[in-house]
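Fold and geometry: a report
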Amino acid sequence: MINLLIEPRIRAFYVKLRAFFLIKVLRRLKTIDSENAFKVTVKHNVKGILQVNNRMDLLIFPVAIIESIPKAARILVIGPRNENDIYTLVGFGFNKKNI
């Protein structure tokens, strides 16, 4: 499965399927409204969970092909939009436990 995640369309399908299962079936999404946020903030961010793009491919590909970076390296992803950003790294062979 991990090798298949390198393909953007397969990864997008997998991420959307996981989001649907976690949000709709298990009801694990919780949101908190804030008086300091715009009225559309929560709606906008929830919508972003299901929007998958390939921006991480552009950022990760140059790093993934550097042979001196081991696949067991610890990687910090700051501000992932959704799980697609994480699974992009997994698709390139990085260890999910180290992301």
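Please refer to the structure higher up on the page.
Residues numbered from 1 in each chain as written. Predicted model: local features only at pLDDT ≥ 70, side-chain atom pairs only at ≥ 80, totals over all residues. Heavy atoms only, no water.

Going through the model one piece at a time under the given rule, you end up with four salt bridges. The closest approach of N and O atoms between R18 and E83, which form a salt bridge, is 2.7 Å. On the criterion of sequence distance, the pair formed by R18 in helix α1 (residues 8–25) and E83 in helix α4 (residues 83–91) is long-range, its members being 65 residues apart. A relative accessible area of 25% means that R18 is categorised as partly exposed. On the basis of relative accessibility, which here comes to 26%, the residue E83 falls in the partly exposed class. With its nearest N and O atoms 2.7 Å apart, the salt bridge here joins D85 to R55. On the criterion of sequence distance, the pair formed by D85 in helix α4 and R55 in helix α3 (residues 55–64) is long-range, its members being 30 residues apart. (Salt bridge = Lys/Arg side-chain N within 4 Å of Asp/Glu carboxyl O. Helix = DSSP H or I, 4+ residues; strand = E, 2+ residues; numbered from the N terminus. Buried < 20%, exposed > 50% of the residue type's maximum accessible area, 1.4 Å probe, protein only.)

Turning next to the side chain of D57. With respect to the helices and strands, the residue D57 is situated in helix α3. Take D57: its relative accessible area is 15%, and that puts it in the buried class. Engagement of the side chain of D57 in a polar contact is seen with the side chain of R11, the distance being 2.9 Å. Not counting residues up to four positions away in its chain, the partners in contact with D57 are P8, R11, P62, T88 and F92. (Polar contact = N/O pair within 3.5 Å; in protein donor to acceptor, adjacent residues only side chain to side chain. Contact = heavy atoms within 4.5 Å.)

The next thing to look at is the packing of α3 against α4. Helix packing for two helices is described by the angle between their axes and how far apart those axes are. At a closest axis distance of 10 Å, the pairing of α3 and α4 adopts a crossing angle of 35 degrees. Seen from above, α3 lies across α4 with right-handed handedness. Contact residues: R55, M56, D57 and I60 in α3; D85, T88 and L89 in α4. In terms of residue class, the contact of α3 with α4 is built from three nonpolar, one polar and three charged. (Axes fitted to C-alpha atoms, helices over the stretch in contact; angles between N-to-C directions. Left-handed = near helix turned anticlockwise from the far one by under 90°. Nonpolar A, V, L, I, M, F, W, Y, C, P; charged D, E, K, R; others polar.)

Here we take up the packing of aromatic side chains. Tallying each qualifying case throughout the model produces two aromatic pairs. Ring geometry for Y14 versus Y87: centroids 5.2 Å apart, planes at 90 degrees, classification edge-to-face. One end of the pair, Y14, is in helix α1; the other, Y87, is in helix α4, and 73 residues separate them in sequence. Residue Y14 is classed as partly exposed on the basis of its relative accessible area of 23%. On the basis of relative accessible area, Y87 is assigned to the buried category, the value being 4%. Over the aromatic face of F94 sits the side chain of K71, whose NZ or CZ is 4.5 Å from the ring centroid. (Phe/Tyr/Trp six-rings, centres within 6.5 Å; stacked < 30°, edge-to-face > 60°. Lys NZ or Arg CZ within 6 Å of the ring centre and 35° of its normal.)

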